[in-house]
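Commentary on secondary and tertiary structure
Each chain, letter by letter, is given below.
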Amino acid sequence: MGSIQNAEVARIFEEMAELLELQGANAFRVRAYRTAAQRIGDLSESVAQIVNDPDRSLQEIPGIGKDLAEKIETIVNTHTLPQLEELRAELPAGLVQMLRIPGLGPKKVALLHKELKINSLEDLKQAAEQGQISGLKGFGKKTEQSILEGLEQVESAGDRAYLADAQVQAEAIVAALAAHESVGHVTAAGSLRRRRETVGDLDILATTSDPAAVMDLLASHRLVTRVLQRGDTKQRVRLDSGLELDLRVVPEESYGAAMQYFTGSKEHNIAIRRRALERGLKINEYGVFRGEERIAGRTEEEVYASVGLPWIPPELRENRGEIELAEQGRLPKLVKLADIRGDLHMHTTATDGTASIREMAEAARARGLKYIAITDHSKRVTMAGGLDADALRTHWKEIEKVRKEVSGIEILKGVECDILENGEMDLPDEVLAEADWVIAVLHYGLKQPKEQIDKRLLNAVRCPHVDIIGHPTARVVGRRPPVNFTPEQLFKAAADHGVMMEINADPHRLDLDDIHAAAAKAHGIPIVISTDAHSTGGLDLMQYGVYQARRAGLEAKDVANTRTLSAFRKMLRRG
DNA sequence: GCCGTTTTCGGCCCGACTGTTTTCAGTCG
């Protein structure tokens, strides 16, 4: 039996929270499970490892007390939790699905279950169509109608959007609202501002002397298909992409407090408000108050200062220790896009790219880069026309030719070499030895058991010609889970052998993720942020990799491709 | 269920909007 992943423990606790909530359990008890699920999900170290270490205690983790520590041990040892099994036996799985319908929370779902014996989305649909629901206490015709609409919505499930897609839509709407004469500030807040890899909905904040006019403007925007709610200060709309957007209107003097509030995360805000309470203050979206008196709120800096903290970058606001760092004056000086000097992962027409070596080099130079590596696929990737030893050597000769023709940018001869299913590299050592830069990657056999994945990654790290592991977990955001591997083992070996780790900037990959990248940094491993561009336009994805690095708390010094080429070369194991 | 230089008991972030209500509960973020 393999050791259990933190994500699985987190999922069990999250389900416990949902089921307890449906059962009408104490809300703070429910919150305790949610908090624990979040903390465990955020942990870079595996809980299984802590359980197995006699010198460690799970209760070191904030939000884990005696009871939850015992439950985690049970989960680690048996891969299940008796209390969860009991709850599942009492509450049909369909009830949890019903919670996804907007407007239905645990109380209403529990009532539907109790009064109408509704156990599934199908039951719910039938009951709503037959008009049984509007007869219930607390339910009316409108609720019944919105349930029917919600059912359709859930069926055509609009998942969370990729950050890059959400950002395009947010920018279009922000620009449209900013053009209104009454508008002072307008900004996107929420998970978009925190640069999470996916975004559930958009939060836009505006100051204006004429809220009604701005809401009218939003309602008429080409991307908006429907107004879902509208009050004096808040409007919720649905976009044609399926994303929903909240517009909040606040007075100018509350702008900073509102930005802080609506940027979140929820967990970060709860911690900040708790600090405020300790100081006899109250923080809400309108400002910081001592009794009736507003003492701050125009800027975010004021809000943080009121609780004795410096301004905290949005990417760090997840209550993962950033408040403690801020308190100690140890917040990282996060890496910026402008710090990036080189891009070390890209493809050309030699394999599955759409541009030539020369076009990629010139496009990179136009973006201010000083060096790039051309890293086409190795032969295992037949679909992309991967290169064998001969083809690769020919390709490298071509790179040498372009080097002489294009000035102002250095071009490294690289390769993205597959780590085969059996753990061998896809190209012979003597070929890899001729490269300037070798990225080793997993593309196939991603469902292999943990032991085999670990073996493949370790073999690659031990191969003397490998410089970096590319998109190390091979996950695709929201589509394909990460490979089952042992992060501590990989990072320790990489640190020992001088192998770097990639943050792949493709918005669908963003791999390493923030948690793993922070763990790699803790091992002292240099991180390289690369676009994996397959076209000249693909070079613009660098921003998303930088966002992910910032969420991991990385500074420019932690990111190897912020160095000059000569300084970067000195960091390579090949010297 | 967690947590604690005021506490081991009694707190736990806070407000807007909707629908169904005559003053509020539930949901959401």
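Above this text sits the structure in question.
Residues numbered from 1 in each chain as written. Chains lettered and ligands numbered in written order. Predicted model: local features only at pLDDT ≥ 70, side-chain atom pairs only at ≥ 80, totals over all residues. Heavy atoms only, no water.

1. Some details on the protein's contact with DNA strand B
Here is the rule we go by: We call a residue near a given molecule or strand whenever any one of its heavy atoms falls within 4 Å of it. Nitrogen and oxygen atoms within 3.5 Å of one another constitute a polar contact, given that in protein one can donate a hydrogen and the other can accept it, and given that sequence-neighbouring residues count only through two side-chain atoms. Following the grouping adopted for this structure description, the nonpolar residues are Ala, Val, Leu, Ile, Met, Phe, Trp, Tyr, Cys and Pro, the charged ones are Asp, Glu, Lys and Arg, and the polar ones are all others, Gly among them.
By nearness alone, 50 residues border DNA strand B, and Arg31, Gly65, Gly140, Tyr261 and Arg273 come closest of all. Of what DNA strand B places within 4 Å of the protein, 78% of the atoms are sugar or phosphate. In the environment of DNA strand B, a phosphate oxygen lies 2.9 Å from a nitrogen or oxygen atom belonging to the backbone of Lys234. Contact distances for DNA strand B include 3.2 Å between a phosphate oxygen and a side-chain N or O atom of Arg274. Classifying every residue of the surface near DNA strand B gives 16 nonpolar, twelve polar and 22 charged.

2. What to know about unusual backbone geometry
Selection criterion: Numbering of helices and strands runs from the N terminus, with a helix taken as a DSSP run of H or I at least four residues long and a strand as a DSSP run of E at least two residues long. Each residue's exposure class comes from its accessible area (1.4 Å probe, protein chains only) as a fraction of the maximum for that residue type: buried when under 20%, exposed when over 50%, partly exposed otherwise.
In the segment running from Gly264 into Ser265, the intervening peptide bond is cis, with an omega of -5 degrees. Here Ser265 lies in the loop between helix H13 (255-263) and helix H14 (266-278). The linkage connecting Asp511 with the following residue, Leu512, adopts the cis geometry, with an omega of 5 degrees. Of note in the backbone geometry, Lys117 takes a positive phi value of approximately 60 degrees without being a glycine. By secondary structure assignment, the location of Lys117 is in the loop between helix H7 (106-116) and helix H8 (121-129). Its identity is not glycine, yet Asn319 carries a phi of approximately 55 degrees, on the positive side. Locating Asn319 in the fold gives a position in the loop between helix H15 (300-306) and helix H16 (322-327). Residue class for Asn319 comes out buried when judged on its relative accessible area of 15%.

3. Let's talk about the sheet that holds strand S15 (residues 468-469)
The cut-off we apply is this: By this definition, two strands are paired if DSSP reports at least two bridges between them. Two residues form a contact once any of their heavy atoms are found within 4.5 Å. Only the contacting stretch of a helix is used when fitting its axis, a line to C-alpha atoms as for every element, and angles between N-to-C directions run 0 to 180 degrees.
Spatial strand order, S11-S12-S13-S14-S15-S16-S17: seven strands in an open sheet with parallel pairing. Every other strand in the sheet has two partners, leaving strand S11 (342-343) and strand S17 (527-530) as the edge strands with one partner each. One ladder, built from four bridges, connects strand S16 (residues 500-504) with S17; its direction is parallel. From the neighbouring strand, Met501 faces S17, where its bridge partner is Ile527. Along the sheet, helix H17 (residues 357-366) makes contact with strand S12 (371-377) and strand S13 (410-418), crossing S12 at roughly 145 degrees. With respect to the sheet, helix H18 (residues 389-405) is in contact with S12 and S13, its orientation differing from that of S13 by roughly 160 degrees.

4. Notes on the packing of aromatic side chains
As a reminder, the rule being used: Ring pairs are drawn from Phe, Tyr and Trp, using the six-membered ring of Trp, whenever the two centres fall within 6.5 Å, and their geometry is named by plane angle: stacked under 30 degrees, edge-to-face over 60, tilted for the rest. Charges are assigned to positions over rings by a cutoff of 6 Å between ring centre and Lys NZ or Arg CZ, combined with an angular limit of 35 degrees from the ring normal.
Applying the stated rule across the entire model yields five aromatic pairs. Plain terms: the ring middles of Tyr261 and Phe262 are 4.7 Å apart, the flat faces sit at 75 degrees to each other, and that makes the pair edge-to-face. Given a relative accessible area of 28%, Tyr261 falls into the partly exposed group. An aromatic cluster of three or more residues is present, and its members are Tyr371, Trp437 and Phe568. Of note, Lys108 hangs over the ring of Phe139, and the distance from its end group to the ring centre comes to 5.7 Å. Sitting over the face of the ring of Tyr444, Arg380 holds its NZ or CZ atom 3.8 Å from the ring centroid.

5. Digging into the environment of His113
On the secondary structure map, His113 appears in helix H7. With a relative accessible area of 22%, His113 lands in the partly exposed category. Sequence-wise, His113 and Leu95 are 18 residues apart; in three dimensions their C-alpha atoms are separated by 7.8 Å. Setting aside residues up to four positions removed in sequence, His113 forms contacts with Pro92, Leu95, Ile118 and Asn119.

6. Considering the pairing of strand S6 (residues 234-239)
Burial within S6 is extensive, with five of its six residues counted as buried. Pairing of strand S5 (residues 224-230) with S6, which is carried by five bridges, proceeds in the antiparallel orientation. Its bridge partner being in S6, Val227 is matched across the sheet by Val237. Here S5 folds back onto S6 in antiparallel fashion, the turn holding three residues. Note: S6 against strand S7 (residues 244-249), five bridges, orientation antiparallel. Its bridge partner lying in S7, Val237 is registered against Leu245. Taking the residues that link successive antiparallel strands as the turn, the S6-S7 hairpin has four residues, and the phi of Gly242 there is positive, at about 100 degrees.

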